[in-house]
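Residue-level structural notes
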Amino acid sequence: MNLEEALYKYFGYTSFRPGQREIIESVLKGSHTLGMLPTGTGKSLCYQLPSYLMSKPALIVSPLLSLMQDQAEHLKVMGEKSVLALNSFLSIAERRRGLEELHKYRFIFVSPEMLSIDHVLAAIQRLDIGLFVIDEAHCISQWGYDFRPDYLRLGEVRKKLNCPLTLALTATASEEVRLDIISKLGLEHVEQVISSVDRANIALSIEICQSHQEKQDRLLEMARELDGSGIIYFSSKKAAESAAAFLQESGIPNVEFYHGGMESEQRMLIQQQFIIGQVRIICATSAFGMGINKQDVRFVIHFHLPSSMESYLQEIGRAGRDGKQSIAVLLYCAGDEGLPALLMEQELPTDVQIESVLAYLALNKVDLDRIPKNVHEIIYGQYSLSETQWRFMNFFISSNRTNLSMAEIIEAMKHYVKERIAYKNKQLQGFLKWLTANSCRREGVLLHFGEKEAITRPKFCCDRCGLGEGLFSSISELADRTPIKLTYEGWRQDLENILVKKREQKHEE
DNA sequence: CGGGTCGCACCTAAGTGCGACCCGGTGCTTTAGT
């Protein structure tokens, strides 16, 4: 059976999309593979098909619970029964049974945090893993160093699993990030299948505004002028909420907001409503996006500044997956870089916090494997660390305490934090440089991702090349005014089931 | 850093203008032992 036949047999498709075949062939050859495919072009098929052909289970590391649930659900809808999403949605009993019966599953989804729990890893070690998949692998680089340190442990986890065949998948990774992924996973002899990050159907536009007010006016103008679905990105939850209210009050229908501070049920609901077209515009923070499988997003507007080229590309990449004309507009006002700069600094502890917390831990001989509740209270209260700051410190201490003294750890940590903040600032500065440069935007983006070949400029390229007339109207003409089609009829029932289950769980507690 | 909110002064009544103060993104996990 050749690959096409297998594709037809298992998925009912007759041909591969660009890049899929190369990735699958590389994996089947037994090469560790880093696959970069544009979002929405079927990354999951790249591990599913090999898993069937190898007749061995795949372990898939996924960054978001909703993403796991989605993919697991999708597999089940296609008739695959042996799927397990090993996460906190499971009750204690379900989880225990899942771990006992792991060998019965073909697709096991798991978060990096789960893999850091000893008894979970022990259960997985007993399996004969055919393929170790890291979905959205740029998260290693983007989150591992501070926000979600368990991402940096994946290399260690992989070793403990006896270095199984590994496939790292992502949509946006610069050369630097790709090398980082490879080194953090401890991969040797990696085959890279890289597709261009260029999205010719997305016009790039940057508009300089003089004030917040001007931005807001412009936002309203665009919301009125542009038909079709759109996402507007903000750097704060409050701003996202108030902009949604402002647009609604200004007579724009079907606008909602979305951010990480909302109840998860609410988030799922809004997301689904957006996907099926009941909500037209979402005012969101960076929480919105990963795993949003919507083909016809026509515009992405940045009201605030993203913190790097990577984030920018990821966010605008949610537009125009159907290949039709779309636009990405960034509204910039001098001084906008203050907020992202501040956020990235706040994520990590200050020198004073590092010194005082470590001194406190040493003085009280705190056992880091069993931290008493009152110690946490002191760390969060007296030393006012955020959860993120403390998790980072805890991770840093536990990975260095066997070979460094307390004094050395303090110095090393201060150094690490300084370097990390400098690195992130460099990324922000790089992005600002692109923003203020006079050259073609598209060219700048591609250069950042190491694509040095001459580019072909589409009709609507960017504001530097000149967008001319007719862009907005040609986008608006695409708006689908036919009644809403449900792509997946069962979503409301799924949501209802999850809500019922959550209520039951709360009731038990 | 910048925007939003609050309270106060104004000095005469209802609304404005100013300074002080506060706050800001991304997500996973709650399981240990006879």
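For clarity, every value in this text was computed on a predicted model and none was experimentally measured. (Residues numbered from 1 in each chain as written. Chains lettered and ligands numbered in written order. Predicted model: local features only at pLDDT ≥ 70, side-chain atom pairs only at ≥ 80, totals over all residues. Heavy atoms only, no water.)

Remarks on the overall build of chain A
Along chain A, the regular secondary structure elements total 22 helices and 13 strands. Compactness check: chain A gives a C-alpha radius of gyration of 24 Å against a globular reference of 23 Å for 509 residues, within 12% of the reference. Principal-axis analysis of the C-alpha atoms gives chain A an extent of 65 × 60 × 55 Å. For chain A, with 509 residues in total, the buried portion stands at 52%. In chain A, the proportion of contacts linking residues at least 24 apart, taken out of those at least 6 apart, comes to 75%. On chain A, roughly 24,100 Å² of surface is accessible, and the fraction owed to carbon and sulfur atoms is 51%. When the 58 basic and 65 acidic side-chain charges of chain A are each reduced to a single mean position, those positions are 3 Å apart. (Helix = DSSP H or I, 4+ residues; strand = E, 2+ residues; numbered from the N terminus. Rg over C-alpha atoms; globule rule 2.2 N^0.38 Å. Buried < 20%, exposed > 50% of the residue type's maximum accessible area, 1.4 Å probe, protein only. Contact = heavy atoms within 4.5 Å. Areas by Shrake-Rupley, 256 points an atom, 1.4 Å probe, with all protein chains shown as cover. Lys, Arg positive; Asp, Glu negative; His and termini not counted. Charge placed at Lys NZ, Arg CZ, Asp CG, Glu CD.)

Thoughts on the protein's contact with DNA strand B
Among the 35 residues in the neighbourhood of DNA strand B, the closest are listed as R95, K237, T285, L343 and R391. Restricting the count to atoms of DNA strand B within 4 Å of the protein gives a sugar and phosphate share of 56%. The backbone of K237 places a nitrogen or oxygen atom 2.4 Å from a phosphate oxygen of DNA strand B. Note that a base oxygen of DNA strand B is positioned 2.6 Å from one of the side-chain N or O atoms of E347. Of all the secondary-structure elements, those providing two or more residues to the surface near DNA strand B are α5 (92–100), α6 (112–115), α12 (237–249), α15 (338–346) and α18 (387–400). For the surface near DNA strand B, the element with the highest residue contribution is α15, accounting for 5 residues. Looking at the surface near DNA strand B residue by residue, the classes come out as 12 nonpolar, 13 polar and 10 charged. (Near = heavy atom within 4 Å. Polar contact = N/O pair within 3.5 Å; in protein donor to acceptor, adjacent residues only side chain to side chain. Nonpolar A, V, L, I, M, F, W, Y, C, P; charged D, E, K, R; others polar.)

Some remarks on the sheet that holds strand β13 (residues 326–333)
Strand pairs in the sheet, formed through backbone hydrogen bonds, run parallel or antiparallel to each other. In space, the 6 strands of this open sheet follow the order β8-β13-β12-β9-β11-β10, with parallel pairing throughout. Both outer strands of the open sheet, β8 (202–209) and β10 (255–258), are each paired with one neighbouring strand and no more. Geometrically, the sheet is characterised by an average inter-axis angle of 15 degrees between neighbouring strands, direction not taken into account. Of the strand pairs in this sheet, strand β12 (residues 297–302) and β13 are connected by 4 bridges, and their pairing is parallel. Bridge assignment links I301 to a residue of β13, and that residue is V329. Across the sheet, α12 lies against β9 (229–233), β10 and β11 (281–284), angled at about 175 degrees from β10, the strand it touches most. Its contacts with the sheet place helix α14 (residues 309–316) against β8, β9, β12 and β13, and it is angled at close to 150 degrees to β12. (Pairing = 2+ DSSP bridges. Axes fitted to C-alpha atoms, helices over the stretch in contact; angles between N-to-C directions.)

Comments concerning the state of the cysteines
Under the defined criterion, the tally for this structure stands at 0 disulfides. Free cysteine C209: the closest other cysteine sulfur is in C333, separated by 6.8 Å. What makes C209 buried here is its relative accessible area of 4%. (Disulfide = S-S within 2.5 Å.)

Section: the sheet that holds strand β5 (residues 131–134)
Judged by pairing direction, the sheet is parallel, and its 7 strands sit side by side in the order β3-β4-β2-β5-β6-β1-β7 without closing on themselves. Two strands bound the open sheet, and with one partner strand each, they are β3 (83–86) and β7 (190–194). Neighbour to neighbour, the strand axes of the sheet diverge by 15 degrees on average, direction disregarded. For strand β2 (residues 58–61) and β5, the ladder comprises 4 bridges, and the chain directions are parallel. Looking at β5, one finds that A58 is bridged to L131.

Some remarks on the packing of aromatic side chains
Using the criterion set out here, one finds 16 aromatic pairs in the structure. Between Y258 and F288, the aromatic rings sit 4.7 Å apart at their centres with planes inclined by 70 degrees, giving edge-to-face as the arrangement. Taken together, the residues span a long stretch of sequence, with Y258 in strand β10 and F288 in the loop between β11 and β12 at a distance of 30 residues. By relative accessible area, Y258 is classed as buried at 4%. For the pair Y312 and F431, a centre-to-centre distance of 5.3 Å together with 50 degrees between the ring planes defines the contact as tilted. With a gap of 119 residues between them, Y312 in helix α14 and F431 in helix α19 (residues 406–436) connect regions that are remote in the sequence. Here Y312 matches F431 in class, with each residue buried. Linked through ring pairs, Y10, F11, Y13, Y47, Y52 and F107 together constitute an aromatic cluster. The side chain of R441 reaches across the aromatic face of W434, ending 5.7 Å from its centre. (Phe/Tyr/Trp six-rings, centres within 6.5 Å; stacked < 30°, edge-to-face > 60°. Lys NZ or Arg CZ within 6 Å of the ring centre and 35° of its normal.)

With respect to the side chain of S205
With respect to the element layout, S205 can be found in strand β8. Aside from chain neighbours lying at most four places away, what touches S205 is I327, A328, V329, L330, D463 and L467.

Some points on the environment of S51
You can see S51 is positioned in helix α3 (residues 45–54). Residue S51 is classed as buried on the basis of its relative accessible area, which comes to 0%. Residues S51 and V27, spaced 24 residues apart in sequence, show a C-alpha to C-alpha distance of 9.8 Å. For S51, the side chain forms a polar contact with the main-chain oxygen of K56, separated by 3.0 Å.

With respect to the pattern of salt bridges
For the structure on display, the rule yields 25 salt bridges. Residue R218 is joined to E207 by a salt bridge in which the shortest nitrogen-to-oxygen separation is 2.6 Å. Taken together, the residues span a long stretch of sequence, with R218 in helix α11 (residues 212–225) and E207 in strand β8 at a distance of 11 residues. Its relative accessible area of 17% is what places R218 among the buried residues. One salt bridge connects D322 with R298, and the closest N-O pair in it is separated by 2.9 Å. Here D322, found in the loop between α14 and β13, pairs with R298, found in strand β12; they are 24 residues apart in sequence, far enough to count as distant. Residue D322 is classed as partly exposed on the basis of its relative accessible area of 27%. (Salt bridge = Lys/Arg side-chain N within 4 Å of Asp/Glu carboxyl O.)

Shape is all these values report; function is a separate question.
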